[in-house]
Every structure is written in structure tokens, then in C-alpha cells.
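Observations on the three-dimensional arrangement
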Amino acid sequence: MNLLNSFFEILIMSTPLLLIATGTLFSELCGILAVFCDGIVNLGAFLFFLFTYLTQNIFLGILLSLFFCCFFIYVISLLTEKTKANPFLIGLAINLFTTGLIQILSDNIFNTQGVLVFPEILTPTSQIKTRIFGTIFAYISATLIFFILKFTRVGICFRITGTSKKLLIEQGKNPTTYKFLSWQIATFFSAIAGIILVLRISSFVPNISSGRGWLALAAVLAGQKKILGIVISILVFSTFEFLATIFQGSVGIIPPSIMITLPYLIAIIAFILLPSNLSAHEQNNL
């Protein structure tokens, strides 16, 4: 495999992670640690498979999956705001709830909690299209969000919600509105990432996120909550994931299990070395 092909493979592998990180960036700026995104990736993926199976239409599957994921998180965000609950604990609860919900639905509808395959709709052609258009969509979205956050009033409001709520109130803006929107944006992009993962392998696999929600959070922190930094961080993670895939089983000195964990090891290092990025959450809870 030549260098150019390797680069494109890394871009393709980075797509779901970039989408999740793009969404979680908004919640991070609003002072909310969006740990729920990992569960939403799994839920969005499963609901997409389920609705595509029921309707025999990929586009309806996408729309219905996005609608139910966003509606679910909208209700949760309302309850969280009204009860002043801890978003971190709520996020963990969402992850646990979605895992159980997927298992129950899968068992009752498909009579299995294992891998779900739907070859009539999810074909090799859909895999190829997803690799191309999914990657284009992810990087165009990241570019647009860069300009929105950098040069628009809405973007500025998002950027100061987590750290300067008083300033936002003085300007006649309601910080709660931007918090609600950040939950929805994080959910939307995470669900899209889950859908892409299903289309990429033409099947649904339990825990299809494989911890990508946590990797996305690490990328946001490592990238100092800036799009360019996030993209660079994600490309680093994806490069290690690519190398782990390439060298798995071919490097005799290093066990395959260690090679697979390389991206997660980098994420752990990022969390350890960048504690100052948690200040926004601390200020938000004061």
C-alpha cells in the first residue's frame, strides 16, 4: 500500500471520530462533558438498522434514527436542566440505558443480541458510497463549524456560554438555550457517526462505537477546543488505529492486543496531560 492510499484510509477511518468530536465540541464550549455521545453512537446505529429493516429504505432509516435520538436527548436535557442534575452522571446513565435498550429491542425483534445483517439493503455498494461521501461530509461539516464558531454571533455565544454566562445574559441572551442546542448538536453528529459505522460494514455490531465517544472527548481536549487542533488530534488517533490494523499480528515482539489499544493509550495520555481543559466544566457548575 502506497503512502497516498494510506493517507486516504486514515481519512476514512477518522470520519466517525471527527463527526462525534465536532458535535461534542459544542457541548464542551457550553461546559457540558458529553459522555453520553458514546451511547448515542450505538443507539443511532441500532435505530438506523432497525428502521431501515422495517421501512426497506435507507433514507427513512436515517431520518427516523436521527429524530428519535435527538428527541430522546431533548427530553433528557430538559429534565437535567430543570433538576440541576450532574450532566456527567446523566451521560453515564444514558450510556448504560442505551446498552440495555438495544439488547432488549434486538432480542425481541431479531431474536438475537449479536451481529445483525441486512444484505438486501446494506450492500457493498453502500459501503463504497459511505466511505467516500461520509468522509466528505465529515470534513466539510468541520470546516463550516470552524467558520460558524469563529466568525458568527451564534458561534461567539456558544464559545462563551461555558465560561462567561454573565456576559451572555448582559447581551440579552439565555445561556440555557445554547446548552440545549449543544446537547442536540452533539446527539445529531454522534448518531450520524453511528449510521456511518453501520453502512461501512453493512451490519450492526453490539457496542459498535468501540469507545469512540471517549476518544472524541480526548481529541476535543487535546485540540484545545479548536477545530484545527481537533482535526490534527483525530488524525493522530486514526493514524495509530491504522498502524495497529496494518501491523496487527505481523509484529512479533508486540502482542496484537497491545497494538489494538494504541489509540486508546494515546487518549489516556491526552486526558492526563491536559487537566486544565476541565476548567470550563468547573466554572459551569459554580
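An account of the accompanying structure is given in this report.

Here is what the cut-offs are and how they apply
- Residues numbered from 1 in each chain as written.
- Predicted model: local features only at pLDDT ≥ 70, side-chain atom pairs only at ≥ 80, totals over all residues.
- Heavy atoms only, no water.
- Salt bridge = Lys/Arg side-chain N within 4 Å of Asp/Glu carboxyl O.
- Helix = DSSP H or I, 4+ residues; strand = E, 2+ residues; numbered from the N terminus.
- Buried < 20%, exposed > 50% of the residue type's maximum accessible area, 1.4 Å probe, protein only.
- Phe/Tyr/Trp six-rings, centres within 6.5 Å; stacked < 30°, edge-to-face > 60°.

1. So, the pattern of salt bridges
Considering all chains together, one arrives at three salt bridges under this definition. We note a salt bridge from glutamate 9 to arginine 131, for which the minimum N-O separation is 2.5 Å. With glutamate 9 in helix H1 (residues 3-29) and arginine 131 in helix H5 (residues 124-151), this residue pair connects regions lying 122 residues apart in the sequence. Residues lysine 84 and glutamate 81 are paired through a salt bridge, measuring 3.7 Å at the closest nitrogen-oxygen approach. Take lysine 84: its relative accessible area is 66%, and that puts it in the exposed class.

2. Concerning helix H9 (residues 212-222)
Counting buried residues along H9, nine of its 11 residues qualify, which places the element largely inside the surrounding structure. Of the residues making up H9, those classed as buried are Arg212, Gly213, Leu215, Ala216, Leu217, Ala218, Ala219, Val220 and Leu221. Taken from the residues just after H9, glutamine 224 is the one with a positive phi, measuring 55°.

3. Notes on the packing of aromatic side chains
Tallied over the full model, the rule gives 16 aromatic pairs. Both rings, one in phenylalanine 46 and one in phenylalanine 110, keep their centres 6.4 Å apart while their planes meet at 90°; by these two values the pair is edge-to-face. Highlighted residues: phenylalanine 46 in helix H2 (residues 37-55) and phenylalanine 110 in helix H4 (residues 87-110), separated in sequence by 64 residues. The class of phenylalanine 46 is buried, set by a relative accessible area of 0%. Summarising the aromatic geometry, the rings of phenylalanine 51 and phenylalanine 68 are spaced 5.4 Å apart at their centres and angled 20° between planes, so their arrangement reads as stacked. With a gap of 17 residues between them, phenylalanine 51 in helix H2 and phenylalanine 68 in helix H3 (residues 58-83) connect regions that are remote in the sequence. A residue is classified by how much of its surface remains accessible, and phenylalanine 68, at 37% relative accessible area, is partly exposed. A connected cluster of aromatic rings, assembled from ring pairs, spans Phe46, Phe49, Tyr53, Phe110 and Phe204.

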